[in-house]
Amino acid sequence: GKCQDFLPGNFYFTSPTIKYLEHPNYRPLWVKHQGKMVRCALQVRQRPDAYNILWRTTDKTICGSKLMDPFFRNDELEYFTGDARNFVITGLCVSITDLPKPAKQQE
């Protein structure tokens, strides 16, 4: 296919892999609390054949060669629908990790 810019309108975006959501462009909301980083993402179940699939849009264009998840091709990482009735929230995924240590400054 041809590379092109993608300008989303009123759509709901989902992905079959949490690795895609960890990209800085789509990172789930996170908060710092007592030296920990807490990130959350909603788990959803989608109505079959009620969504479209895009090439990943984590770059300026929808074309890119870096594989984001070894279990999925780049052309199946981003789903979208314009109708919120096409999916239902089934869970909340929570990740709690230590905050990254600040890089040491060279003197």
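Residues numbered from 1 in each chain as written. Predicted model: local features only at pLDDT ≥ 70, side-chain atom pairs only at ≥ 80, totals over all residues. Heavy atoms only, no water.

With that out of the way, let us pick up the side chain of threonine 14. Within the secondary structure, threonine 14 sits in strand β1 (residues 12-14). Among the polar contacts made by the side chain of threonine 14, one reaches the side chain of glutamine 46 at a distance of 2.8 Å. Apart from residues lying up to four places away in sequence, threonine 14 is in contact with Val44, Gln46, Leu77, Glu78 and Tyr79. (Helix = DSSP H or I, 4+ residues; strand = E, 2+ residues; numbered from the N terminus. Polar contact = N/O pair within 3.5 Å; in protein donor to acceptor, adjacent residues only side chain to side chain. Contact = heavy atoms within 4.5 Å.)

Right, let's talk about the sheet that holds strand β5 (residues 78-81) for a bit. Here we have three strands laid out as an open sheet, ordered β1-β5-β4, and antiparallel in their pairing. The sheet terminates laterally at β1 and β4 (52-54), the two strands that pair on one side only. In this sheet, neighbouring strand axes are inclined to one another by 30 degrees on average, regardless of whether the strands run parallel or antiparallel. Examined bridge by bridge, β4 and β5 share three bridges and lie antiparallel to one another. Across the sheet, residue leucine 54 finds its bridge partner in β5, namely glutamate 78. (Pairing = 2+ DSSP bridges. Axes fitted to C-alpha atoms, helices over the stretch in contact; angles between N-to-C directions.)

Turning to the pattern of salt bridges, a few remarks are in order. The final tally for this structure, using the stated rule, is four salt bridges. Residue arginine 73 is joined to aspartate 75 by a salt bridge in which the shortest nitrogen-to-oxygen separation is 2.9 Å. Taking the relative accessible area as the measure of exposure, aspartate 75 reaches 28% and is therefore partly exposed. The partner of aspartate 83 in a salt bridge is arginine 85, and the shortest N-O contact between them spans 2.9 Å. On the accessibility criterion, arginine 85 (65% relative accessible area) is exposed. Three or more residues are tied together by salt bridges with common partners; here these are Arg73, Asp75 and Glu76. (Salt bridge = Lys/Arg side-chain N within 4 Å of Asp/Glu carboxyl O. Buried < 20%, exposed > 50% of the residue type's maximum accessible area, 1.4 Å probe, protein only.)

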